[in-house]
Structure formats: C-alpha cells, structure tokens
Number of protein chains: 2
Amino acid sequence: MIILIDAMGGDHAPLEAVRGASLAAKEFDAEVCLVGKEELILEIAKKEALDLSCIRIYNANDAISMEDPPISVRSRPESSLRVGFDLLKNGEVDAFVSAGSTGALHTGATLYVPKINNVRRSAIATVLPFKTPVLLLDSGANISLSPEYMQMLGIMGSIYMKNLFGVENARVGLLNNGSESTKGTPLQTQAYELLSNTTNINFIGNVEGNSVMNGICDVLVTDGFTGNIFLKTIEGMGKFFMSSLKPILKKKPLAALMIKKDLIKFKKQFDASEQGGAPLLGLARPVIKAHGSSDAKAIKNAVRGAIKMLESNIISKTEAELSIALEQNN
Amino acid sequence: MIILIDAMGGDHAPLEAVRGASLAAKEFDAEVCLVGKEELILEIAKKEALDLSCIRIYNANDAISMEDPPISVRSRPESSLRVGFDLLKNGEVDAFVSAGSTGALHTGATLYVPKINNVRRSAIATVLPFKTPVLLLDSGANISLSPEYMQMLGIMGSIYMKNLFGVENARVGLLNNGSESTKGTPLQTQAYELLSNTTNINFIGNVEGNSVMNGICDVLVTDGFTGNIFLKTIEGMGKFFMSSLKPILKKKPLAALMIKKDLIKFKKQFDASEQGGAPLLGLARPVIKAHGSSDAKAIKNAVRGAIKMLESNIISKTEAELSIALEQNN
C-alpha cells in the first residue's frame, strides 16, 4: 500500500512532514511518498541527514496556506493538496495524509475524491481520548448539514467504532443542549427522530456537553459548527488546566517530581500527536487530517491511521453496511 | 431592598434554598424572602434550627420541576416560580433568585417580567472564571436568536462588564469556528457584520473555542444553543480533569498533601457556588439563575449578585446606554 503525505501542510511544514515521512517509512511496512516542493524537501533531507531514498517525491510548486480560502484547491492545480488529490483519485496512491487547512482538505475531498454509495460529502471524525474513546463526527467539516446526513453519521460512526476499536453495538449520542427529545434547534429534533427510528444502531438519545467525558457514548453525532466549538473547547480546557497546574507545581518541586511521570502519561493521552489523525468518513479512499500543529510523530501516527483504515477494509465495509442500514430504515 | 428566593428550585431544594436564605439574611443588609411551600420551609427551619423570624415567607403550593416543560409556568399559577414572578412584577420584591429549571425561569421572565426598552427577551449571562473573567451570553436561554439580538448582547455585555467588573472598553468576541470574518453559519456572519459596525463597543472579531481561556476577550457573544454546549463542555472538562488528577494524587499522598491547598484554591475558582449566579440580562428587574446544583453558599452568593445589580443601578444604566448605542448605530 502507498501512503502519500502532504509535505506542505501544517504549522511546522515542510520540516515535520518530511521528518514524519522518514519515521513512517522506517516503521511501517508500507510505501511512503511525499508531495510538495521537491527542492525544499531535498534541502531539508540534506540538512537533517534523512535518507529519503525509499520515499518517492511528487513535485508540487504551489502550497495552500491556512489563510487561503478553501476553494483555492480548485483554482490552484499545482498546489500540493491538489496534486495529492489527483494522485489519490487516479489510484497512484492508496491514502492521503495532510496537516494543512481543514477547509481546503474537505473541499478538495468533496471535489476530487470519489464517495462511497449513498454519501455525497465527507465528515471529519475525531477520536476523543476520554475514559473510553468517543468518536466525534462531524468535528468540523460541514458547518451546516441535514438531519438525514446526521443519521448517516450515526451509522458510519457505529461501523467505524466496531471495526477499528472493537466496540460492538456502539452507543450513539446526539450532542444537544438537554437530554429531552424536544431539545435543540429543528436540526437536532429532526435528527433525534431519525436516529431513534434507525434500527441498526444503538441510539441512546441526546447527550449534553458535560456528560460526554463520563463515557456515556461511543459515537457523538453533531453538525460541523457545533462539533468545532465542542472540540476546540476541549482542547482549550486541556491546555488551560495544564498551564494552571504549572505554577502550583513550581512552588512545590518535590511534589512535582513525585507525580511528574503520571502527569506526563495523562497529558500524553490528550496529546493530538498521539492520535492517528482524523479520517474524513464517507470517502471511497482514505484521507486523514493530521492536527495543524503536527510534529513528525503526529504525521507518522496519521500514516499509521491510514494504514489501519486500509488493512481493516473499513471503507468497503462501511459502504456495504450503510447501504443495508439505509435500506432497512426506508 | 427586598430579594426573593425560590425555595423550591434546584437539585437540593428546598433544604439548601432555605439554608441559603438564612445565610443571606445574616450576611447582607437586605431583606430576604422565600417563596414556596410554607409548611415545608418551616419544617426545615425547625429541623435545622434556623431562625427565619426576619425572613418573610410567601406560600406557593405548587413547584415546577426540572422535568416539567418550561411553559408550565403559565398553566401553574400556584407554582413558586410563578408566584415569585408575580411578586416581582407587582414590585413587592426587588429581585428574584432561583436555582430551578433554566427553561421555566427564562419563559417566566419573558412572560411576566417587564423588559428594558429595545429588548424583547432576556439572555442568560454567565461569568467564566478564567485568567480574566469572561462574560458569556447567551449561555443557554434562547436556542435561536437573530443577528440583531446578538449585536444587542455585545452592547449589553460591555455595559455589564464596565459597571460590575470595572472593565473599560470591554473586548467583545463572537464565538465562532474560525477567526476569519467569513466563518460560521449565516447567523455568525451577519452578527459579525453588525458587531463590526457597532461604534460603541470594542469588537475584536471571531473567537474560537480554544482561545477563550487565554483572556482574549471580556465578553463572548453567542446563541443560546452554542452557549449551552460551550458552557457545559467547560464544566465537564473541569470535572474530568479533577477526577483524572485524583488517582495520580492518591498514589502519592505526600505530593497530594503538598499541593492540596493550592489545588483547592484553583478548584474553588471554578466552583459554581462561588459565583454570584447568572443574571438574565434585558429584564427591567433583576432575575438571577443560580446553578441547579446550588448549595446554601451558592444561593447566598446569588443573592449577593442580585444586591450588586440593584446597588450598581446596572439595569437603568443598561437601558440608557443601549438606547444611545442603538441610536448611533442606526
């Protein structure tokens, strides 16, 4: 299998992307490629003494930045993202990993990557590292979406958790402002109705923002706007707590020393670089969004995520099970 | 000034409400009253040996629970909430504090409490205890609202922070899924446009869920649905971190002992009972929502919040400044 990494995407690109590619090529039994400015990539390899001999480089003279409008992926055919999508579409690579702009990645996936049957757009799925892992989707791709699409997210999320996390009969919750079925905007009440009537999933009803952490559900369905606010608030609170602990521990260095190991372990659980990136579900080829702040290890772990998706055959399983589920519910 | 407490609202009512009334009557130079089942209140007073001689009790034979639909406040005239609103409306009391159902409190305020000029519905304002306090509004009252109303929230929030927290030229942010002006649903882009063109406030633009904690703004404007998700996620993460620290500290009791005092202080900063409750802004009379889990101290602090609102004359100041602001911006 061939995994392509966007060398130009992310806050620390291209350096960390190139380093990550090198790590992934060493560690995994997969062919790793890079797409980006070849000259720059080779320069980094020389400076960092990285052996890229087994890593194929696809040249792309342009790069879409975080500030560029997502639709740039259409007007800039020489950008690394666009070249990457073309390679994926043409089957020259099997999966694509990028730490670049979420909007551009999602737009490119919508425009250039085939979808599985019954699905017209992809959604970003993010695993939240709570007591038990929670799959949040859509975590930011589609600002507005239909109740029918939210029903599909519930089905696709269940299939994902079963196949990649071994969670049978995954508990699916709907992120809402209260537990009663009447809660939320019309989007939530309609999605609630559809999800309740979906026979193939274990829908447990509405879930509030403060219950998700307690392991109440395995899949959390929401629109991309709310999902983005939810995910970033979790991220911000994680950083806030760690930075609030610092001055307390600084005053008591001995105490800090005693609990350091466990604290690092806990922090690591929340570290985005430890996750395998966030897959865009609904696509017929694996596209993985790595966190914007990805370092080499995070890129490597996102490659691991892509390999897992390919090995588990999750995409064709999703396509088959989704079509059965939708048939039974219509 | 006369502050009325709903004896029947909250998870620990009536016990903690009665205890809180007793604490407030002792501590503050204000007349404290209770509304609720008189027999029950007197029974508690006897059992707890509380002297309620200076606390007037308004009897109300009915009580609206968390499970009742908010509109119950209309069909149940003998409920403590409804009797309380009637007393407030008729000027028999100056402010109303309740830890009961947010929905019923907001519905009752909409139906029975006069609004200030230019405002038709109230919004819940919650102070978030970050590095610098952040006023979140609407934190849950109005599931859907107009861009014009969000503009008013920005203005009212600025006035509140100036008068009650001494923050001049408060930085107003719009909670959104990205910092660019084009981000969000049509509600956010239209609110952004209106807020940018409001001359009397210091609008700093969109604020993402992970930046709020860094003291980037003093007022955070959002709709009640997103505000609820945001607030509950903060609450849930606070509890999650504290419960994750516990096993780490349990393994190292000496370290726990060393940092215990500072940790308690930090936890206290986040304790809902330490806050003065959440005012419903836009009303012509102070109504304070105390947290559903309020204990006696939380009820007492909510009474303090009501007193502060009355003493600072914030309502008439808001009415005057809001009308000037809207005039200048039209």
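Placed above this text is the structure.
Calculation notes
- Residues numbered from 1 in each chain as written.
- Chains lettered and ligands numbered in written order.
- Predicted model: local features only at pLDDT ≥ 70, side-chain atom pairs only at ≥ 80, totals over all residues.
- Heavy atoms only, no water.
- Helix = DSSP H or I, 4+ residues; strand = E, 2+ residues; numbered from the N terminus.
- Rg over C-alpha atoms; globule rule 2.2 N^0.38 Å.
- Buried < 20%, exposed > 50% of the residue type's maximum accessible area, 1.4 Å probe, protein only.
- Areas by Shrake-Rupley, 256 points an atom, 1.4 Å probe, with all protein chains shown as cover.
- Lys, Arg positive; Asp, Glu negative; His and termini not counted.
- Charge placed at Lys NZ, Arg CZ, Asp CG, Glu CD.
- Contact = heavy atoms within 4.5 Å.
- Buried area = accessible area lost by both parts, 1.4 Å probe.
- Salt bridge = Lys/Arg side-chain N within 4 Å of Asp/Glu carboxyl O.
- Polar contact = N/O pair within 3.5 Å; in protein donor to acceptor, adjacent residues only side chain to side chain.
- Expected span 1.5 Å × (residues − 1).
- Least-squares fit on C-alpha atoms with pLDDT ≥ 70 in both.
- Pairing = 2+ DSSP bridges.
- Axes fitted to C-alpha atoms, helices over the stretch in contact; angles between N-to-C directions.
- Parallel < 35°, antiparallel > 145°, perpendicular 65-115°, else oblique.
- Left-handed = near helix turned anticlockwise from the far one by under 90°.
- Nonpolar A, V, L, I, M, F, W, Y, C, P; charged D, E, K, R; others polar.

**Student:** For the overall build of chain A, give the residues involved together with the corresponding values.
**Tutor:** For chain A, the helix and strand inventory stands at 11 helices and 11 strands. Its C-alpha radius of gyration of 20 Å places chain A within 12% of the 20 Å reference for a compact globule of 330 residues. For chain A, the C-alpha atoms occupy an extent of roughly 60 × 60 × 35 Å along the three principal directions. Taking all 330 residues of chain A together, the buried fraction comes to 58%. Carbon and sulfur atoms make up 50% of the accessible area of chain A, which amounts to about 13600 Å² in all. Considering chain A, the positive charge centre built from 35 side chains and the negative charge centre built from 35 side chains are found 7 Å apart.

**Student:** Lay out the interface of chain A and chain B in plain terms, naming residues and giving numbers.
**Tutor:** In this complex, chain A contributes 46 residues to the contact, which on the side of chain B involves 46 residues. Across the chain A to chain B interface the summed buried area is about 4300 Å²; carbon plus sulfur atoms make up 77%. Three residues, A:Phe225, A:Phe240 and A:Phe241, lead the burial of chain A against chain B; their summed loss comes to 15% of the area buried on that side. Along the contact surface separating chain A from chain B lie 4 salt bridges. A salt bridge links A:Lys251 to B:Asp262; the nearest nitrogen and oxygen atoms lie 2.9 Å apart. Run the count over chain A and chain B and you get 11 residue pairs in polar contact (both at pLDDT 80 or more). Elements with a contribution of two residues or more to the side of chain A that touches chain B: helix H8 (224-251) and helix H9 (253-269) of chain A. Sorting elements by how many residues they give to the side of chain A that touches chain B places H8(A) first, with 21 residues.

**Student:** Outline H8(A), listing residues and values.
**Tutor:** All names here are of chain A. Given a rise of 1.5 Å per residue, 28 residues ought to cover 40 Å, and the 41 Å separating the end C-alpha atoms of H8 matches this to within 8%. Counting buried residues in H8 gives 20 out of 28 residues, a clear majority hidden from the surface. Near the N-terminus of H8, the side chain that reaches the backbone nitrogen of Phe-225, with its oxygen 3.1 Å away, is that of Asp-223.

**Student:** With reference to specific residues and values, describe the relation of the copies chain A and chain B.
**Tutor:** Structural alignment of chain A on chain B gives an RMSD of 0.0 Å, achieved by rotating through 180° and translating 0.0 Å along the axis. A rotation of that kind, with that shift, is consistent with a two-fold axis. Across chain A, the smallest distance between a C-alpha and the rotation axis is recorded for A:Ala255, namely 2.1 Å. Same-surface contact between copies: 100% of interface residues of chain A are shared with the interface of chain B.

**Student:** Could you give an account of the sheet that holds strand E4 (residues 95-98) of chain B, naming the residues involved and the relevant values?
**Tutor:** All names here are of chain B. The 11 strands are arranged E3-E2-E1-E4-E11-E10-E5-E6-E9-E7-E8 in an open sheet whose pairing can be described as mixed. Looking at which strands have only one partner, the edges of the open sheet turn out to be strand E3 (56-59) and strand E8 (202-207). Put simply, the sheet's adjacent strands are angled 25° from each other on average, direction ignored. Here strand E5 (residues 123-128) pairs with strand E10 (residues 278-281) via 2 bridges, running antiparallel. Opposite Ala-123, over in E10, you have Leu-281 as the bridge partner. On the sheet, helix H10 (residues 296-312) packs against strand E1 (2-6), E4, E10 and strand E11 (287-289) and is oriented at approximately 145° with respect to E1.

**Student:** An account of the packing of H9(A) against helix H9 (residues 253-270) of chain B is needed here, citing residue identities and associated values.
**Tutor:** The geometry of H9(A) relative to H9(B) is characterised by a closest axis approach of 9 Å and an angle of 135° between their N-to-C directions. Classified by the angle between their axes, H9(A) and H9(B) sit oblique to one another. The handedness of the crossing between H9(A) and H9(B) comes out as left-handed. Every residue of H9(B) that contacts H9(A) at A:Leu254, A:Ala255, A:Met258 and A:Ile259 is listed here: B:Leu254, B:Ala255, B:Met258 and B:Ile259. Classifying every residue of the contact of H9(A) with H9(B) by side-chain character gives 8 nonpolar, no polar and no charged.

**Student:** Explain the packing of H9(A) against helix H8 (residues 224-251) of chain B residue by residue, including any values.
**Tutor:** Close contact between H9(A) and H8(B) brings their axes to 10 Å; oriented N to C, the two are set at 150°. Taken together, the axes of H9(A) and H8(B) are roughly antiparallel relative to one another. Between H9(A) and H8(B) lies a crossing whose hand is right-handed. Residue-level inspection shows A:Ile259, A:Asp262, A:Leu263, A:Phe266 and A:Gln269 of H9(A) in contact with H8(B), the latter providing B:Phe240, B:Phe241, B:Ser244, B:Leu245, B:Ile248, B:Leu249 and B:Lys251. Looking at the contact of H9(A) with H8(B) residue by residue, the class counts come to 8 nonpolar, 2 polar and 2 charged.

**Student:** Describe the pattern of salt bridges, and please don't skip the residues or the numbers.
**Tutor:** A pair can form between side chains of opposite charge whenever their charged atoms are brought close. Residue and element names in this part refer to chain A. All told, the structure shown has 24 salt bridges over all chains when counted by the stated rule. A salt bridge links Lys-300 to Glu-27; its shortest N-O distance comes to 3.0 Å. Placement of the pair is Lys-300 in helix H10 (residues 296-312) and Glu-27 in helix H1 (residues 15-27), with a sequence separation of 273 residues. Lys-300 gets classed as buried once you look at its relative accessible area, which sits at 11%.

**Student:** Describe the side chain of A:Thr126, naming the residues involved and giving the relevant values.
**Tutor:** Residue and element names in this part refer to chain A. Within the secondary structure, Thr-126 sits in strand E5 (residues 123-128). Judged by its relative accessible area of 15%, Thr-126 falls in the buried class. Of note is the side chain of Thr-126, whose polar atom sits 2.7 Å from the side chain of Ser-139.

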